[in-house]
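Architecture at a glance
As a plain string of letters, each chain reads:
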Amino acid sequence: MADFLIIVSATSSLRFLSKNVLPLVSRTLPYGFIGFVCYGLDAICLSMQNVHLRAILDNFTHGIISCISWCIVSEIRTPRDVIDAISSGIIACSLDVDHFVAAKSLKLQDALHLQNRPFLHSTTVVFIVVPMLEVFLAQNIPYLQSLPYLFAVAIISHHLRDGHRRGLWFWPIGSTPAIPYWLYVVYIVALPYFVKELKVSVEKTPDFPVSNNLLFNV
Ligand SMILES: [Zn+2]
C-alpha cells in the first residue's frame, strides 16, 4: 500500500513539473542566457589589454546581444527569423561606424577619442526612425513587417551597452548619468521581453475597417 502511495505521489509530482515548472523554465531560460552572455562577454572585454582586439570584441558583443534578443522576440519559428536575427546583429554592430565618420578618420585611436558622442549614438534616433519605418515600410510591405521592432532592438541594446559607461544621450536634451552595471544587465534582459509583448499586442490589434474610411470620404 505504501509503495502504491509513493508511486501515485511521484506520478502527480512529475505531472505538476511537466505542466507548470518546465514551461516556466523554458520561457525564462533565454532571458537568463542573454544576461549570462552579456556579463560574460563584458568581463572578457574588460580583461583584454590589446585596444584593437578589445574594440573588435566590444563591437561583436553588440551584435551578439542584439542577435540573441531578436531570437527571443521572434522565438525562431521560421528561417526568416534567423535572417532577421542576423540582420539585427549586423545593424547593432554597424552603429559604431559613426565614430569613424565623426572622426573623419579610419584610425581606431581617432574614433575612440571624440570630443562629442557621434550622431547614431543619440537614443532620440529610435523615436524618429522607428515610427518612420512603421509608417513607410512595415505597413506597406509585408516582408518588412518586423523591421521597426528589429531596428529598435538593435539600436536600444547597443545604446544600453554603451550607456553603462556614458549614460543614454537624448539629443537635444542631454545625457542621463551612466547606468549602473546591474541595472544595465536588467535592461538588456528586459528589452526582448517588452519588445515581444509590444509586437504581439500590436499584431493582435484589429485593422481599422475599410468601410469606416467612407466616414472621411467627403
Ligand atoms: Zn557604440
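Residues numbered from 1 in each chain as written. Predicted model: local features only at pLDDT ≥ 70, side-chain atom pairs only at ≥ 80, totals over all residues.

As named in an unreviewed UniProt entry, the protein chain is Transmembrane protein 267, taken from Acropora cervicornis. The heading Subcellular location (unreviewed entry) in the UniProt record of the protein chain holds the text "Membrane". (UniProt positions renumbered as here; feature names shortened; annotations may be inferred.)

**Observations regarding the packing of helix H6 (residues 124-138) against helix H7 (residues 147-166)**
Where H6 meets H7, the axes come as close as 8 Å, and the angle between the chain directions of the two elements is 160°. It follows from the interaxial angle that H6 and H7 lie roughly antiparallel. In this structure, the crossing between H6 and H7 has a hand that is right-handed. Of the residues in H7, those in contact with Val125, Val126, Val129, Val130, Leu133, Glu134, Leu137 and Ala138 of H6 are Leu147, Pro148, Phe151, Ala152, Ile155 and Ile156. (Axes fitted to C-alpha atoms, helices over the stretch in contact; angles between N-to-C directions. Helix = DSSP H or I, 4+ residues; strand = E, 2+ residues; numbered from the N terminus. Parallel < 35°, antiparallel > 145°, perpendicular 65-115°, else oblique. Left-handed = near helix turned anticlockwise from the far one by under 90°. Contact = placed C-beta atoms within 7 Å.)

**Overview of the UniProt feature "transmembrane region" (unreviewed entry) in the protein chain**
Following the UniProt record, the feature "transmembrane region" (unreviewed entry) maps to residues 143-161 and 168-195 here. Spanning residues 143-161, this segment combines 79% helix with 0% strand, and its end C-alpha atoms are found 29 Å apart. With 54% helix and 14% strand, the stretch residues 168-195 has end C-alpha atoms that lie 19 Å from each other.

**Section: helix H2 (residues 51-74)**
Quick reminder: α-helices carry 3.6 residues per turn. Residues three or four places apart thus point the same way. The end-to-end C-alpha separation of H2 is 35 Å, in line with the 34 Å expected for 24 residues at 1.5 Å each. The positive-phi residue at the C-terminal boundary of H2 is glutamate 75, with phi of around 60°. (Expected span 1.5 Å × (residues − 1).)

**Details of the nonpolar core**
Judged by nonpolar contacts, the single largest core of 29 residues is most densely connected at Ile34, Trp70, Ala152, Val153, Ala154 and Ile188. Where this core is concerned, the elements lending two or more residues are helix H1 (2-47), H2, helix H3 (79-94), H7 and helix H8 (181-204). A per-element tally of this core places H7 first, with 9 residues. Among residues more than four places away in sequence, those in contact with isoleucine 188 are Ile34, Gly35, Cys38, Ile65, Ser157 and Leu160. (Core = buried A, V, L, I, M, F, W, Y, C linked by C-beta atoms within 7 Å. Buried ≥ 20, exposed ≤ 12 C-beta atoms within 10 Å, placed from the backbone.)

**Notes on the environment of alanine 190**
Among the secondary structure elements, alanine 190 is positioned in helix H8. As for alanine 190 and aspartate 162, which are separated by 28 residues in sequence, their C-alpha atoms are 16 Å apart.

**Points about unusual backbone geometry**
Cis geometry marks the peptide bond from tryptophan 171 to proline 172; its omega dihedral reads 5°. Residue position: proline 172 is located in the loop between strand E1 (169-170) and strand E2 (174-175). Unlike most non-glycine residues, isoleucine 76 shows phi in positive territory, near 45°. Tracing the backbone shows isoleucine 76 in the loop between H2 and H3. The backbone of lysine 104 sits at a positive phi, close to 50°, despite the residue not being glycine.

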